[in-house]
Amino acid sequence: MRLPQELLLILASVIFLAFTIGYFAYFRRPEGTPWPMRVLAILSGATTGGVIAEISGTRATWDSFVPALVLLLASAALYGWAVMTTRRQRLSLAFSGDEPDFLVAEGPYRLIRHPFYTAYLLYWIGGTIAARQPLLLIAVAVMAAGFTWAALREEAKFASSRLAPAYDAYRRRTGMFLPWRIFRT
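Presented here is a report on the structure given in the accompanying data block. Here the structure is a predicted model, which means the values were calculated and not measured.

1. Some thoughts on the overall build of the protein chain
Item 1. Helix and strand content of the protein chain: six helices and zero strands.
Item 2. Along the protein chain, from the amino end to the carboxyl end, the secondary structure elements read α-α-α-α-α-α.
Item 3. The globule rule puts the C-alpha radius of gyration for 185 residues at 16 Å, and the 17 Å found for the protein chain is close to it.
Item 4. Its C-alpha atoms give the protein chain principal-axis dimensions of roughly 55 × 45 × 30 Å.
Item 5. Looking at the protein chain as a whole, 46% of its 185 residues are labelled buried.
Item 6. Expressed as a percentage of contacts within the protein chain between residues at least 6 apart in sequence, the contacts between residues at least 24 apart total 84%.
Item 7. Summed over its atoms, the accessible surface of the protein chain is roughly 9,700 Å², and 67% of this surface lies on carbon and sulfur atoms.

Here it is as structure tokens:
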């Protein structure tokens with residue numbers, strides 16, 4: 001193995017370890033772990049296993065190394081920023097049925113409504129580029145669909161809560177997974 005490939009493999013493994021620790025130790029579980037989250041967690045592990053296996057067996061080239069490295073580092077930075085922003089008011093695990101009682105609109109939440117999901121997607125896209133295996137994009141699309149489903153459920157919870165007016169205003173000024181500013185001129 002050459003250095004770029006080893007670096008991507010180590011980085012992908014360490015980031016997924018941080019995600020896994022967060023899944024088990026960081027998010028609140030007001031009513032346990034909902035079944036859709038269990039399925040998403042299993043798919044996350046399988047997708048990551050595929051990414052890491054493919055990175056291990058692929059020769060990294062500079063045209064894949066640089067964008068993969070940038071996306072993996074962006075994923076880690078966004079994830080860490082979201083954790084630091086919500087550490088005093090931890091969020092519920094995806095698909096939890098509890099009613100929201102606070103709205104986070106600072107840190108990465110000033111730019112996007114779902115920075116954790118964006119971090120995960122950046123990770124798998126970066127990993128797919130590092131692996132140089134386009135078929136992994138199918139797994140990334142499945143993960144994107146799962147996180148979109150989770151995000152839409154969370155947004156429906158806010159829309160039916162006492163925070164609905166504040167959340168509606170927040171939703172209009174921020175993007176779901178990407179900052180609105182990217183699309184405005």
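Structure's up, so let's keep going.
2. Concerning the pattern of salt bridges
Item 1. Inspection of the entire model under this criterion finds six salt bridges.
Item 2. We note a salt bridge from D98 to R28, for which the minimum N-O separation is 3.7 Å. Here R28 lies in the loop between helix 1 (3–25) and helix 2 (35–56) and D98 lies in the loop between helix 3 (62–86) and helix 4 (115–131), a separation of 70 residues in the sequence.
Item 3. Taking the relative accessible area as the measure of exposure, D98 reaches 16% and is therefore buried.
Item 4. Taking relative accessible area as the criterion, R28 reaches 32% and is therefore assigned partly exposed.
Item 5. A salt bridge links R171 to D168, with the shortest nitrogen-to-oxygen separation between them at 2.6 Å. You can see R171 and its partner D168 sitting in helix 6 (residues 164–173), three residues apart, about one turn around the helix.
Item 6. Given the relative accessible area of 28%, D168 is considered partly exposed.
Item 7. What emerges from the salt-bridge pattern is a single network uniting R28, D98 and K157.

3. Focus: the nonpolar core
Item 1. Among the nonpolar cores identified, the biggest contains 49 residues, and L8, I55, F116, Y117, Y120, W124 and F147 are the most heavily contacted of them.
Item 2. Once residues within four sequence positions are removed from consideration, W124 is found in contact with S44, T47, T48, V51, V140, M143 and F147.

4. A look at the packing of helix 2 against helix 4
Item 1. For the pair helix 2 and helix 4, interaxial distance at closest approach is 8 Å and the crossing angle is 30°. Classified by the angle their axes make, helix 2 and helix 4 are roughly parallel. The two elements helix 2 and helix 4 cross, and the hand of that crossing is left-handed. Packed against helix 2, whose contacting residues are S44, T47, T48, V51, I52, E54 and I55, the element helix 4 presents Y123, W124, G127, T128, A130 and A131 at the interface.

5. Overview of unusual backbone geometry
Item 1. One non-glycine residue with positive phi stands out, namely F95, at about 75°.
Item 2. Note on placement: F95 falls in the loop between helix 3 and helix 4.
Item 3. Residue F95 is classed as buried on the basis of its relative accessible area of 6%.

6. With respect to the side chain of Q5
Item 1. Looking at the secondary structure, you find Q5 in helix 1.
Item 2. Given the relative accessible area of 4%, Q5 is considered buried.

7. Structural notes on the environment of G126
Item 1. Considering the arrangement of structural elements, one finds G126 in helix 4.
Item 2. A relative accessible area of 0% places G126 in the buried class.
Item 3. Sequence separation between G126 and R113 is 13 residues, and the spatial gap between their C-alpha atoms is 21 Å.
Item 4. Excluding residues within four positions of it along the chain, G126 makes contact with A68, L71 and L72.

8. Notes on the layout of surface pockets
Item 1. Looking at the largest pocket, its volume works out to about 720 Å³.
Item 2. Forming the boundary of the largest pocket are 35 residues, of which F27, S92, A94, Y117 and E154 lie nearest the centre.
Item 3. Residue assignment for the lining of the largest pocket shows that the elements contributing at least two residues are helix 1, helix 2, helix 4, helix 5 (136–159) and helix 6.
Item 4. For the lining of the largest pocket, the residue count by class is 24 nonpolar, four polar and seven charged.
Item 5. What the second largest pocket holds in volume is close to 170 Å³.
Item 6. Every residue along the wall of the second largest pocket is listed here: L78, W81, P108, L111, I112, T118, L121, L122, I125, F177, L178 and P179.
Item 7. At four residues, helix 4 tops the list of elements feeding residues into the lining of the second largest pocket.

Quick notes on the rules
Residues numbered from 1 in each chain as written. Predicted model: local features only at pLDDT ≥ 70, side-chain atom pairs only at ≥ 80, totals over all residues. Heavy atoms only, no water. Helix = DSSP H or I, 4+ residues; strand = E, 2+ residues; numbered from the N terminus. Rg over C-alpha atoms; globule rule 2.2 N^0.38 Å. Buried < 20%, exposed > 50% of the residue type's maximum accessible area, 1.4 Å probe, protein only. Contact = heavy atoms within 4.5 Å. Areas by Shrake-Rupley, 256 points an atom, 1.4 Å probe, with all protein chains shown as cover. Salt bridge = Lys/Arg side-chain N within 4 Å of Asp/Glu carboxyl O. Core = buried A, V, L, I, M, F, W, Y, C linked by side-chain atoms within 4.5 Å. Axes fitted to C-alpha atoms, helices over the stretch in contact; angles between N-to-C directions. Parallel < 35°, antiparallel > 145°, perpendicular 65-115°, else oblique. Left-handed = near helix turned anticlockwise from the far one by under 90°. 1 Å grid on protein atoms, 1.4 Å probe; cavity = no way out; pocket = protein on both sides within 12 Å on 5 of 7 lines; lining within 4 Å. Points joined across faces, edges and corners; volume = space filled by probe spheres on them. Nonpolar A, V, L, I, M, F, W, Y, C, P; charged D, E, K, R; others polar.

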